[in-house]
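# Structural characterization, general
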Amino acid sequence: MTFPGIPTGRYSDGLVFTDFLASYMGMKSPMPYKQWTGLFKWRVRNGMNFAHGGTGVFNTWIKEPNMTTQINTFKQYIADGVYNKRDLDKSMAIVALSGNDYTQYVLDGGTDEGFRAYIIKVLNQLEVNLREIGKMGLKKVVMLTLQPLGCLPNKAISLSYEKCDKPLNNETMFHNTLLQQIVQKLNSETTDSPFHVLDLYSAFLSVINKSAGETGSAKFGNPLLKPCCIPASSEVLCGSVDGNGVKQYTLCENPTDNIFWDPVHPTQSGWRAISLALKPSIDKLMLYDQLNIHTQRPSFSVATF
């Protein structure tokens, strides 16, 4: 709707985090791996995106490859020569786990009492996945913290879209604490400390907590956590139509007034504000001496899971 004016597979009205991250690096957005034809090596110079919306470390209701399968696809691309050792020496993997495993836990009838045990199970599998990525030879593996799940519109709706669900945010912080511990553990086992954390949780809150609703040039309306696009029911998504082509959702007048696009994803304006909050940390990662990279090097490669 906002960019590029036609559906592109993004869960937003336009650009999302990986688009802004690439722009900060002086690159075009990473190519979705399914678009790779193998004809031109230069097409992967901007990196490749292996992610699937709705997936997790385990299988979810979305019948798409989980993180392990995504990593195995990346391994196969290395084996096939799409990426070589020199590429990997100058590359960074961005790994995002967005909470879909926890949605599946609820859908499967999981209890509040068992939730923390399940978080530990998820993080144990994530540790396995990070180890596999580390073995590939990438000099930097960057893990995003989990965004504040209690602030997403699908939870904030019960609080009139004005406040976050604090108990769920506490569980999110538990997840992020375990993630930090895993990264510290993995780095303690190496000499070059290739694993890093990018604090998406704090970036989200820094935008949400501005009570005046102003972040940079973006001004967000009230109630602050109300999404622009509201599906007609939990069974449909923004963009869904019925058999007669009738829209199964309602839209706000201007997405730039909203942090969130739909019940769980930010708008382009929301992602821009969140990305700007993260930019100092991103700049620090890019200046890491081991990679010897600055914003004008197009060979910098990003793989996102």
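Data block above holds the structure.
Only a predicted model underlies this, so the values are computations on that prediction, with no experimental measurement involved. (Residues numbered from 1 in each chain as written. Predicted model: local features only at pLDDT ≥ 70, side-chain atom pairs only at ≥ 80, totals over all residues. Heavy atoms only, no water.)

### Observations regarding unusual backbone geometry
Omega for the bond connecting Phe 3 with Pro 4 falls within 30 degrees of zero, at -5°, which places this linkage in the cis form. Assignment of secondary structure puts Pro 4 in the segment before helix H1 (17–24). The backbone phi angle of Ser 160 is positive, close to 60°, even though this residue is not glycine. Looking at where Ser 160 falls in the secondary structure, it is placed in the loop between helix H6 (153–156) and helix H7 (166–188). With phi around 45°, Ser 193 is a residue other than glycine that occupies positive phi space. Along the chain, Ser 193 falls in the loop between H7 and strand S5 (195–198). (Helix = DSSP H or I, 4+ residues; strand = E, 2+ residues; numbered from the N terminus.)

### With respect to the state of the cysteines
Applying the stated rule across the entire model yields three disulfides. Across a sulfur-sulfur distance of 2.1 Å, Cys 151 and Cys 164 are joined as a disulfide pair. Every disulfide takes its handedness from the sign of the S-S torsion; for Cys 151 and Cys 164 that torsion is 105°, giving right-handed. Placement of Cys 151 in the loop between strand S4 (140–144) and H6 and of Cys 164 in the loop between H6 and H7 is noted, with a sequence separation of 13 residues between them. On the basis of relative accessibility, which here comes to 0%, the residue Cys 151 falls in the buried class. What pairs with Cys 228 in a disulfide is Cys 252, and their sulfur atoms sit 2.1 Å apart. What sets the handedness of the Cys 228 and Cys 252 disulfide is the S-S torsion sign, and at about -90° it is left-handed. Pair noted here: Cys 228 is in the loop between strand S7 (218–219) and strand S8 (229–231) and Cys 252 is in the loop between strand S9 (249–251) and helix H9 (268–286), with a separation of 24 residues, a long-range link. Judged by relative accessible area, Cys 228 falls into the buried class, the value being 3%. By sequence order of its bonded cysteines, the protein has the disulfide arrangement 1-2, 3-6, 4-5. (Disulfide = S-S within 2.5 Å. Buried < 20%, exposed > 50% of the residue type's maximum accessible area, 1.4 Å probe, protein only.)

### As for the pattern of salt bridges
Within this structure, the stated rule accounts for 11 salt bridges. The shortest N-O distance in the salt bridge between Asp 89 and Lys 85 comes to 3.0 Å. Of this pair, Asp 89 and Lys 85 are both found in helix H3 (residues 85–89), four residues apart, which corresponds to roughly one turn of the helix. The class of Asp 89 is partly exposed, set by a relative accessible area of 21%. Given the relative accessible area of 60%, Lys 85 is considered exposed. Linking Arg 131 and Glu 189 is a salt bridge whose minimum nitrogen-to-oxygen distance equals 2.7 Å. Of the two residues, Arg 131 sits in helix H5 (residues 115–134) while Glu 189 sits in the loop between H7 and S5, which places them 58 residues apart along the sequence. (Salt bridge = Lys/Arg side-chain N within 4 Å of Asp/Glu carboxyl O.)

### Remarks on the nonpolar core
Counting residues in each nonpolar core, the largest one holds 77 residues, and the members touching the most others are Met 48, Tyr 102, Leu 123, Leu 126 and Leu 130. Per-element accounting of this core gives the leading share, eight residues, to H5. (Core = buried A, V, L, I, M, F, W, Y, C linked by side-chain atoms within 4.5 Å.)

### Some points on the packing of H1 against H9
The geometry of H1 relative to H9 is characterised by a closest axis approach of 9 Å and an angle of 40° between their N-to-C directions. When the axes of H1 and H9 are compared, the pair comes out oblique. Pair H1 / H9 crosses with right-handed handedness. On H9, the residues that touch Phe 17, Phe 20, Leu 21 and Tyr 24 of H1 are Gln 268, Trp 271, Arg 272, Ser 275, Leu 276, Leu 278, Lys 279, Ile 282 and Met 286. Classifying every residue of the contact of H1 with H9 by side-chain character gives nine nonpolar, two polar and two charged. (Axes fitted to C-alpha atoms, helices over the stretch in contact; angles between N-to-C directions. Parallel < 35°, antiparallel > 145°, perpendicular 65-115°, else oblique. Left-handed = near helix turned anticlockwise from the far one by under 90°. Contact = heavy atoms within 4.5 Å. Nonpolar A, V, L, I, M, F, W, Y, C, P; charged D, E, K, R; others polar.)

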